[in-house]
Amino acid sequence: MSYRFLSTLALPVGAALAAAAAGSQLLCEPAEIPRGEKACGKEAKATNNKWWPGREQKRPTRNGKCNLTGWWENELGSRMHVSTVDSEGNFSGEYHTAVSSAEKPIEPSPLIGSQHLDEDGQCTFGFTVNWKKFSDSTAVFVGQCFAGDVEEEILQTSWLLREKVDALPSDWKATRTGRNTFTRMG
């Protein structure tokens, strides 16, 4: 059985107290599986729909091997080139961002990183981009490469961008976070 979490903030105080007095569970309640289907444990785990009932997620098969070397592009049009990954999983390359808040013109920036060399080819990795050519910012990306026999290679990443600020009181606004999905170019 899957569960749906309810926010007590969404209920008026009187309704929340009345529900509690009646013995209702305020934090979670059983959720219906769409179309009356029952999800078995393996199916629920495979689709990762515990928190989003009815949401299907595509998962690449584990038969393909992911290779970080080459050109990649994300949904914003930023591109990166990863040079050859060495036997220890270290790599370097260039990042060509399509977006910037810097006043100077955007220029390709160096990246350096490392990947975990998994036997199944679905590696995790991380890299740093130093925007020193046009900005006082640095970004770090972490992610995982997914590959399948039929599906294309996908890099799912999360990032932190740190901008230089003039003084400690401005520190609160210096770090941004986000996510990007990269696909192999050409």
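Please read all numbers here as calculations on a predicted model, not as lab measurements.

A. Broad picture of the overall build of the protein chain. In terms of helices and strands, the protein chain carries two helices and ten strands. Counted from the first residue to the last, the protein chain has its helices and strands arranged as β-α-β-α-β-β-β-β-β-β-β-β. The buried share among the 186 residues of the protein chain stands at 28%. Counting only carbon and sulfur atoms, one obtains 54% of the accessible surface of the protein chain, whose full area is about 12,500 Å².

B. Molecular detail of the nonpolar core. Core analysis: the biggest nonpolar cluster contains 22 residues, and L68, M80, Y95, F127 and L155 have the highest contact counts within it. Those elements giving two or more residues to this core turn out to be strand 4 (79–82), strand 5 (90–96), strand 7 (124–130), strand 8 (138–146) and strand 9 (154–162). Once residues within four sequence positions are removed from consideration, M80 is found in contact with G70, W71, W72, E94, Y95, L111, F127, L155 and F182.

C. Structural view of the pattern of salt bridges. Tallied over the full model, the rule gives three salt bridges. Linking R184 and E153 is a salt bridge whose minimum nitrogen-to-oxygen distance equals 2.5 Å. In this pair, R184 sits in strand 10 (residues 175–184) while E153 sits in the loop between strand 8 and strand 9, placing the two residues 31 residues apart along the sequence. Residue classification places R184 among the partly exposed residues on the basis of a relative accessible area of 29%. Looking at E153, the relative accessible area reads 16%, which means it is buried. For R162, the salt bridge identified is with D171, shortest N-O distance 2.6 Å. D171 gets classed as partly exposed once you look at its relative accessible area, which sits at 33%.

D. Quick peek at the sheet that holds strand 7. Strand order around the closed barrel formed by eight strands is 3-4-5-6-7-8-9-10, with antiparallel pairing between neighbours. Going from strand to strand, the sheet's axes swing by 30 degrees on average, the running direction of each strand aside.

E. Geometry of the confidence of the model for the protein chain. When pLDDT is averaged across the protein chain, the result is 74; 63% of the residues are at 70 or more. Residue range residues 1–63 is modelled with pLDDT below 50. Its contacts to residues more than four positions away, or to other chains, number 59 contacts.

F. The packing of aromatic side chains, seen in detail. Per the counting criterion, the structure on display carries eight aromatic pairs. Taken together, a centroid distance of 6.3 Å and an interplanar angle of 80 degrees make the contact between Y95 and F182 edge-to-face. Of the two residues, Y95 is situated in strand 5 and F182 in strand 10; the sequence distance between them amounts to 87 residues. F182 carries the same exposure label as Y95, and that label is buried. For the ring pair F141 and F182, a centre distance of 6.5 Å and an interplane angle of 65 degrees mean the geometry is edge-to-face. Of this pair, F141 sits in strand 8 while F182 sits in strand 10; the two residues are 41 residues apart in sequence, bridging distant segments of the chain. The same class applies to F141 and to F182, which are both buried. An aromatic cluster of three or more residues is present, and its members are F91, Y95, F125, F127, W131, F134, F141 and F182.

G. Geometry of the layout of surface pockets. Space inside the largest pocket adds up to approximately 570 Å³. Forming the boundary of the largest pocket are 25 residues, of which V99, S100, S101, L161 and R176 lie nearest the centre. For the lining of the largest pocket, the per-class residue count stands at ten nonpolar, eight polar and seven charged.

H. Just the state of the cysteines, in detail. Considering all chains together, one arrives at one disulfide under this definition. Here C66 connects covalently by a disulfide to C145, the sulfurs 1.2 Å from one another. You can see C66 sitting in the loop between helix 2 (41–47) and strand 3 (70–74) and its partner C145 sitting in strand 8, a full 79 residues away along the chain. Both residues of the pair, C66 and C145, count as buried. Considering cysteine sulfurs only, C145 is the nearest to C123, which forms no disulfide, with 4.8 Å between them.

Definitions and limits used
Residues numbered from 1 in each chain as written. Predicted model: local features only at pLDDT ≥ 70, side-chain atom pairs only at ≥ 80, totals over all residues. Heavy atoms only, no water. Helix = DSSP H or I, 4+ residues; strand = E, 2+ residues; numbered from the N terminus. Buried < 20%, exposed > 50% of the residue type's maximum accessible area, 1.4 Å probe, protein only. Areas by Shrake-Rupley, 256 points an atom, 1.4 Å probe, with all protein chains shown as cover. Core = buried A, V, L, I, M, F, W, Y, C linked by side-chain atoms within 4.5 Å. Contact = heavy atoms within 4.5 Å. Salt bridge = Lys/Arg side-chain N within 4 Å of Asp/Glu carboxyl O. Pairing = 2+ DSSP bridges. Axes fitted to C-alpha atoms, helices over the stretch in contact; angles between N-to-C directions. pLDDT = per-residue confidence, 0-100. Phe/Tyr/Trp six-rings, centres within 6.5 Å; stacked < 30°, edge-to-face > 60°. 1 Å grid on protein atoms, 1.4 Å probe; cavity = no way out; pocket = protein on both sides within 12 Å on 5 of 7 lines; lining within 4 Å. Points joined across faces, edges and corners; volume = space filled by probe spheres on them. Nonpolar A, V, L, I, M, F, W, Y, C, P; charged D, E, K, R; others polar. Disulfide = S-S within 2.5 Å.

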